[in-house]
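A closer look at the structure
Listed here are the chains, written in short residue letters.
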Amino acid sequence: AIDRSVFVNSPSRFQQIYDMWWIECVWSATDYAGDSSVAWALMVNSGDISEGSGLEYHSHDKDAVGWDGCYARCVRRSDTTDTHSRFVAAEPVSGEPIVGDRVTGLIWQGCSAGQSGADCSGDAEFIDWASALAYCQSLTWGGYNDWRLPNIREISSIIDGSRTLPAINTGVFPGTPYYGPVTNNNAGQYWSSTARSYNSFALYADFTFGFTHFYEQPEGRHVRCVH
């Protein structure tokens, strides 16, 4: 799940070893908030961001005890944007809060579909993928009418990897559901507009723990639109 014309000769052993679909990964520098001995990683073949993987489940423990570990790809930048003050919550228009992101320039629906008010009261709905696309496309919220369902990079950009249960800044995104208080297995999982080219899958972001994954489009997930 990478542009190999740009990232030339990126490793993937999936074609030789099917199990590598699940366990090949690239390390990040970010700790998993639920366990400081575990780090987040990019799954090479699916593009998921995960704190664990494998047909026989293992965490991405930093010492790689009992498994080979992940690949490494380094990065550098001069930008030192303070991401902790990146979000700006606007006064709600008719009980419809919006949130601006200084880093990406995106404007977010402050509440999940099914919620309303400054504190995003009510139950966040579970919506299938096709209906999620239509919901955002027809939404008028906070004075805007050109909303859309975010792609996987966009929806995962508001995951807060420094926390879990939920893995989001609840100061600006109040009422975000997550698994625990809500016992539906899909609680806290939000559709993206990014579809797979096989098996009618689409990608989603999980705001209970902070990972990304994919599942069948007729399944119900939560929705938060972007402008």
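This section reports on the structure supplied with the text. (Residues numbered from 1 in each chain as written. Predicted model: local features only at pLDDT ≥ 70, side-chain atom pairs only at ≥ 80, totals over all residues. Heavy atoms only, no water.)

**So, the pattern of salt bridges**
- If you walk through the whole model with that rule in mind, you get six salt bridges.
- Here Arg148 and Glu154 are joined by a salt bridge, their closest N and O atoms 2.8 Å apart.
- Residue classification places Glu154 among the buried residues on the basis of a relative accessible area of 14%. (Salt bridge = Lys/Arg side-chain N within 4 Å of Asp/Glu carboxyl O. Buried < 20%, exposed > 50% of the residue type's maximum accessible area, 1.4 Å probe, protein only.)

**Re the sheet that holds strand 8 (residues 107-109)**
- Pairing within the open sheet is antiparallel, and its three strands lie in the order 6-7-8. Looking at strand neighbours, the two that pair on one side only are strand 6 (87-89) and strand 8, the edges of this open sheet. The mean inter-strand angle of the sheet, taken between neighbouring strand axes irrespective of direction, is 25°.
- Note: strand 6 against strand 7 (residues 98-101), three bridges, orientation antiparallel. (Pairing = 2+ DSSP bridges. Helix = DSSP H or I, 4+ residues; strand = E, 2+ residues; numbered from the N terminus. Axes fitted to C-alpha atoms, helices over the stretch in contact; angles between N-to-C directions.)

**Notes on the pairing of strand 11 (residues 212-216)**
- With five bridges connecting them, strand 10 (residues 201-206) and strand 11 associate as antiparallel partners. Looking at strand 11, one finds that Leu203 is bridged to Phe214.
- Counting the residues between successive antiparallel strands, the hairpin from strand 10 to strand 11 contains five residues, one of them, Gly210, with a positive phi of roughly 115°.

**Side note on the nonpolar core**
- Core analysis: the biggest nonpolar cluster contains 22 residues, and Ala132, Trp141, Trp147, Leu149, Trp191, Val223 and Cys225 have the highest contact counts within it.
- If you list the elements that add at least two residues to this core, you get strand 2 (35-43), helix 2 (129-137) and strand 10.
- With three residues, helix 2 is the largest single contributor of residues to this core.
- Setting aside chain neighbours within four positions, we find Trp147 in contact with Ile98, Ile107, Trp108, Gln109, Cys136, Gln137, Leu139, Thr140, Trp141, Cys225, Val226 and His227.
- Counting residues in hydrophobic clusters, the runner-up holds 20 residues, among them Val99, Ile152, Ile158 and Phe207. (Core = buried A, V, L, I, M, F, W, Y, C linked by side-chain atoms within 4.5 Å. Contact = heavy atoms within 4.5 Å.)

**What about the packing of aromatic side chains?**
- For the structure shown, the criterion picks out 10 aromatic pairs.
- Between Trp27 and Trp67, the aromatic rings sit 5.9 Å apart at their centres with planes inclined by 55°, giving tilted as the arrangement. Taken together, the residues span a long stretch of sequence, with Trp27 in strand 1 (residues 25-32) and Trp67 in the loop between strand 5 (58-59) and strand 6 at a distance of 40 residues.
- Using a relative accessible area of 25% as the deciding quantity, one classes Trp27 as partly exposed.
- Trp67 sits in the buried class, given a relative accessible area of 15%.
- A ring pair is formed by Phe201 and Phe214, whose centres lie 5.1 Å apart and whose planes are at 50°; its orientation type is tilted. One end of the pair, Phe201, is in strand 10; the other, Phe214, is in strand 11, and 13 residues separate them in sequence. For the pair Phe201 and Phe214, one class covers both residues: buried.
- Within the aromatic cluster, the residues linked to one another by ring pairs are Phe14, Tyr18, Trp21, Phe201 and Phe214.
- In this structure, Arg196 is placed above the aromatic ring of Phe214, and the distance from its NZ or CZ to the ring centre is 5.0 Å.
- The aromatic ring of Tyr204 is capped on one face by Arg221, whose charged end is 4.4 Å from the ring centroid. (Phe/Tyr/Trp six-rings, centres within 6.5 Å; stacked < 30°, edge-to-face > 60°. Lys NZ or Arg CZ within 6 Å of the ring centre and 35° of its normal.)

**Quick notes on the pairing of strand 9 (residues 189-195)**
- Here four bridges tie strand 9 to strand 10, and the two strands are oriented antiparallel to one another. Counterpart to Ala195 in the pairing with strand 10 is Ala202.
- What sits between strand 9 and strand 10 in their antiparallel hairpin is a turn of five residues, with Asn199 showing a positive phi close to 60°.

**Concerning the state of the cysteines**
- For the structure on display, the rule yields three disulfides.
- Here Cys25 connects covalently by a disulfide to Cys70, the sulfurs 2.0 Å from one another. Of note, the bridge from Cys25 to Cys70 carries an S-S torsion of about -90° and is left-handed in sense. With a gap of 45 residues between them, Cys25 in strand 1 and Cys70 in the loop between strand 5 and strand 6 connect regions that are remote in the sequence. (Disulfide = S-S within 2.5 Å.)

Taken by themselves, the reported measurements are silent on function.
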